[in-house]
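Summary of the model geometry
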Amino acid sequence: MYTNEGKLNFPKDFLWGGATAANQCEGAWDEDGKGMTIEDCLEFRAGNISDMGKQFAFSSKNLEMAQTENDINYPKRRGIDFYHHYKEDIALFAQMGFKVYRMSICWSRIYTNPEDKVPNEKGIEFYLNVLKELKKYDIEPLVTLSHYDVPVALINKYRGWYGRECIDLFIKYARTCFEHFGKYVKYWLTFNEVDAMLRHPVTSGGLIEDQFDDVPFEQAMYQAMHHQMVASALAVKIGHEICPDSQIGCMMTKLCFYPFTCKPEDNLATQQRMRSVYRCVDIQVFGEYPIYLKKEIDNKGFEVHFEKDDEEILKEGTVDFVSFSYYMTSCWAASTEGLELSPGNTFNGVKNPYLPSSEWGWQTDASGLRYSLVELYDRFRKPLFIVENGLGARDVVSEDGKVHDPYREDYLKEHVCAMSDAINLDGVNLIGYTWWGCIDLISESTREMSKRYGFIYVDIDDYGNGTYNRIKKDSFEFYKKVIASNGTEL
Ligand code: BG6
């Protein structure tokens, strides 16, 4: 259990709030001109938990079936119906005292088909309504332009982000967002967990392995990653031009591996593994490929094609701040043979005997958050923003009609202590914190509803049965108190 070593203290303008993503909460997947995305094609399979390989296994056959099948097995299509409940949900966020709300815009709502010449009016209207609602309560939006919802049209035509065409189409979309929403939005993120292309290319980039027999699949992943790097840099550049007061950040998965033993070879293997965590953000912050990434690509015998202006574009589009998701830590070793592995949402690590595990096997570790904050600040020297942190649990509605979730309060408490210490003892410039899934939503990795993160319970099950009513959990009042006291009353 992490207890604060220093005094609890946060900057007076610290941005407390919550986070969601369009594909996990909006639902209304084919309403008002929304086009289909890869997320609408991901099935829920009962019992399918915590096995990274199976979770993201996806073939052309799956894509074909998803384009003809009914809705039952595709939970992202219904989400929690935020599309029709946003007023009620935002009012609840306001009651908790949110200063910031992280949301994402779905590309396929703005352009039904990314190649359309004109944007979809209804899509623009929906997000304007959401932003106006937030403004009503003085909640600052933090908007992600792309949170894992690659338009299916791009997969069908270009094999997802492998196709360089995606860059221009994305920039057209980003420009539309900056022009229409810039008046309401100061904080933007380009790609969610941008490093994930090399872990789960299906959701990050729309790359389906069986479609690549002309190029090694891994090489295609690096190429797609490069295209997102260029697109992100261009989006930062035009975002700054269109909205001069904006702050545009990158977003990484802050994985954290400790060496399993103090054997030098375990330490070395861990250092290598940690580099894979940083490769994209190193580009987005420093404006160029780090040497180790160039070596990594060379050593694999791959080639990543750069167009003539790409290096210049990367230089000109560096980010204003670094944001990240942080849930857990695990260990790594030179050889994992015979060692017990622990699952994460998108990777496996070696199980740490000193840490507790969540019901999904994620090893929770508040000290690891402080460790990560120090590591990130020392490396990047940019303001940091924790845009995802939280605990997925199997909450139940008790006989008294309430949801008692003391485990969530404990998790939050420990992580707030760790943040405070990182700020006050370690000198980290941390500007905000958005709890992931502030309202229950569909899990990204397992597509189930049973894994709940929220302070607000949503009454639906894995198959979409239920009233969709919202119930405040005990942690709702707890977080409200944390925010009201600016993190000093836990
Ligand atoms: C992050 C994603 O990796 O983890 C979110 O950005 C996701 O979209 C979150 O929901 C938690 O993962 P999961 O699989 O429990 O939903």
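As shown above, the structure is provided for reference.
Predicted model only: the values in this text are computed from it and were never measured.

A look at the site of the ligand
- The environment of the ligand is formed by 14 residues, the closest being Glu193, Glu444, Ser445, Lys451 and Tyr453.
- Contact distances for the ligand include 2.6 Å between an oxygen atom and a side-chain N or O atom of glutamate 193.
- Note that an oxygen atom of the ligand is positioned 3.2 Å from one of the side-chain N or O atoms of tryptophan 436.
- Contact with the protein chains removes 100% of the 380 Å² of surface that the ligand exposes when unbound.

Some thoughts on the side chain of glutamate 193
- Summarising the element assignment, glutamate 193 is placed in the loop between β4 (187-191) and α9 (201-205).
- For the buried glutamate 193, which has no salt bridge, the nearest side chain bearing the opposite charge is arginine 199, at an N-O separation of 4.8 Å.
- Of note is the side chain of glutamate 193, whose polar atom sits 2.6 Å from the side chain of tyrosine 148.
- Not counting chain neighbours up to four residues away, the residues in contact with glutamate 193 comprise Tyr148, Met251, Met252, Thr253, Ser325 and Glu388.

What about the nonpolar core?
- Of all hydrophobic cores here, the largest spans 159 residues; its most connected members are Trp161, Phe170, Phe181 and Met419.
- In terms of residue count, helix α10 (residues 217-242) provides more of this core than any other element does, 13 residues in total.
- What methionine 419 contacts, discounting residues up to four positions off in sequence, is Phe10, Phe14, Trp16, Leu369, Leu373, Ile386, Leu430 and Tyr433.

Focus: the environment of valine 428
- Positionally, valine 428 belongs in the loop between α15 (406-424) and β12 (430-436).
- Residue class for valine 428 comes out buried when judged on its relative accessible area of 5%.
- Separated by 209 residues in sequence, valine 428 and glutamine 219 place their C-alpha atoms 37 Å apart.

Observations concerning the packing of aromatic side chains
- Within the structure shown, the criterion is met by 38 aromatic pairs.
- Judged by centre distance (6.1 Å) and plane angle (80 degrees), the ring pair of tyrosine 187 and phenylalanine 321 falls under edge-to-face. Of this pair, tyrosine 187 sits in strand β4 while phenylalanine 321 sits in strand β7 (residues 321-325), placing them 134 residues apart in sequence.
- Lying across the ring of tyrosine 111, lysine 172 places its NZ or CZ 4.5 Å from the centre.
- If you follow arginine 379 out to its NZ or CZ, it ends over the ring of tyrosine 278, 3.9 Å from the centre.

Observations regarding the pairing of β12
- Most of β12 is tucked away: six of the seven residues are buried.
- In terms of strand pairing, strand β1 (residues 15-19) meets β12 through five bridges, oriented parallel. Within β12, the position partnered with alanine 19 by the bridge is tryptophan 436.
- Both strand β11 (residues 384-388) and β12 contribute to a ladder of three bridges, which runs parallel. Bridging from a neighbouring strand, leucine 384 pairs with leucine 430 of β12.
- In this fold, the crossover linking β11 to β12 by way of α15 has right-handed handedness.

Quick word on unusual backbone geometry
- The phi torsion at alanine 28 lies on the positive side, around 45 degrees, for a residue other than glycine.
- With respect to the helices, strands and loops of the structure, alanine 28 is situated in the loop between α1 (22-25) and α2 (52-55).
- With phi around 60 degrees, arginine 159 is a residue other than glycine that occupies positive phi space.
- Positionally, arginine 159 belongs in the loop between α7 (152-158) and α8 (165-181).

Side note on the packing of helix α11 (residues 264-286) against helix α12 (residues 291-299)
- Across the interface, α11 lies against α12 with an axial gap of 9 Å and an inter-helix angle of 115 degrees. Both α11 and α12 take part in a crossing whose hand is left-handed. Every residue of α12 that contacts α11 at Arg275, Tyr278, Arg279, Asp282 and Ile283 is listed here: Tyr292, Leu293 and Glu296.
- Among the residues making up the contact of α11 with α12, the classes are represented as four nonpolar, no polar and four charged.

What to know about the packing of α11 against helix α14 (residues 366-380)
- Contact geometry of α11 with α14 gives a least axis separation of 11 Å together with a crossing angle of 40 degrees. Considering the angle they form, α11 stands oblique to α14. Between α11 and α14 the crossing geometry is right-handed. Contacts between α11 and α14 involve Met274, Tyr278, Val281, Asp282, Val285 and Phe286 from the first element and Glu375, Leu376, Arg379 and Phe380 from the second.
- Broken down by class, the residue content of the contact of α11 with α14 amounts to seven nonpolar, no polar and three charged.

Procedures and definitions
- Numbering of residues starts from 1 in every chain and runs along the sequence as written.
- Residues qualify for local features only when their pLDDT is at least 70, as the model is predicted, and side-chain atom pairs are given and counted only at 80 or more; totals for whole chains, interfaces and linings, by contrast, use all residues.
- Just so you know, side-chain values use all the structure's heavy atoms and leave hydrogens and water out.
- For this purpose, a residue is taken to be near a molecule or strand whenever a single non-hydrogen atom of the residue falls within 4 Å of it.
- The term polar contact refers here to a pair of N or O atoms within 3.5 Å; inside protein, the definition further demands a hydrogen-donor-capable atom paired with an acceptor-capable atom, and it admits residues adjacent in sequence only when both atoms are side-chain atoms.
- With residues, only the protein chains shown are counted as cover, and all accessible areas are computed by Shrake-Rupley using a 1.4 Å probe.
- Going along the chain from the N terminus, every DSSP run of H or I of four or more residues is numbered as a helix, and every run of E of two or more is numbered as a strand.
- Each residue is placed in one exposure class: buried if its accessible area under a 1.4 Å probe, protein chains only, is under 20% of its type's maximum, exposed if it is over 50%, and partly exposed if it falls in between.
- Charged residues are defined narrowly, with Lys and Arg counted positive, Asp and Glu counted negative, and His plus the chain ends left uncounted.
- Here, a salt bridge means any side-chain nitrogen of Lys or Arg that lies within 4 Å of a carboxyl oxygen of Asp or Glu.
- Should any heavy atoms of two residues lie within 4.5 Å, those residues are counted as being in contact.
- Remark: nonpolar core denotes a set of buried residues (Ala, Val, Leu, Ile, Met, Phe, Trp, Tyr, Cys) joined through side-chain atoms within 4.5 Å.
- Here a Phe, Tyr or Trp ring, Trp counted by its six-membered ring, pairs with any other such ring whose centre lies within 6.5 Å, and the pair is stacked when the planes are under 30 degrees apart, edge-to-face when over 60, and tilted otherwise.
- Charges are assigned to positions over rings by a cutoff of 6 Å between ring centre and Lys NZ or Arg CZ, combined with an angular limit of 35 degrees from the ring normal.
- Pairing between two strands is assigned when DSSP locates at least 2 bridges connecting them.
- Seen with its strands pointing away from the viewer, a crossover is right-handed if its path from the first strand over the helix to the second goes clockwise.
- Here an axis means a line fitted to C-alpha atoms, over the contact stretch when the element is a helix, while the angle between two N-to-C directions is reported on a 0 to 180 degree scale.
- Here is the rule for handedness: rotate from the far helix to the near one, and if that takes an anticlockwise turn smaller than a right angle the crossing is left-handed, while a clockwise turn gives right-handed.
- When residues are grouped by polarity, Ala, Val, Leu, Ile, Met, Phe, Trp, Tyr, Cys and Pro land in nonpolar, Asp, Glu, Lys and Arg in charged, and all others, Gly among them, in polar.
- Here the angle decides the label: under 35 degrees means roughly parallel, over 145 means roughly antiparallel, 65 to 115 means roughly perpendicular, and every other value means oblique.

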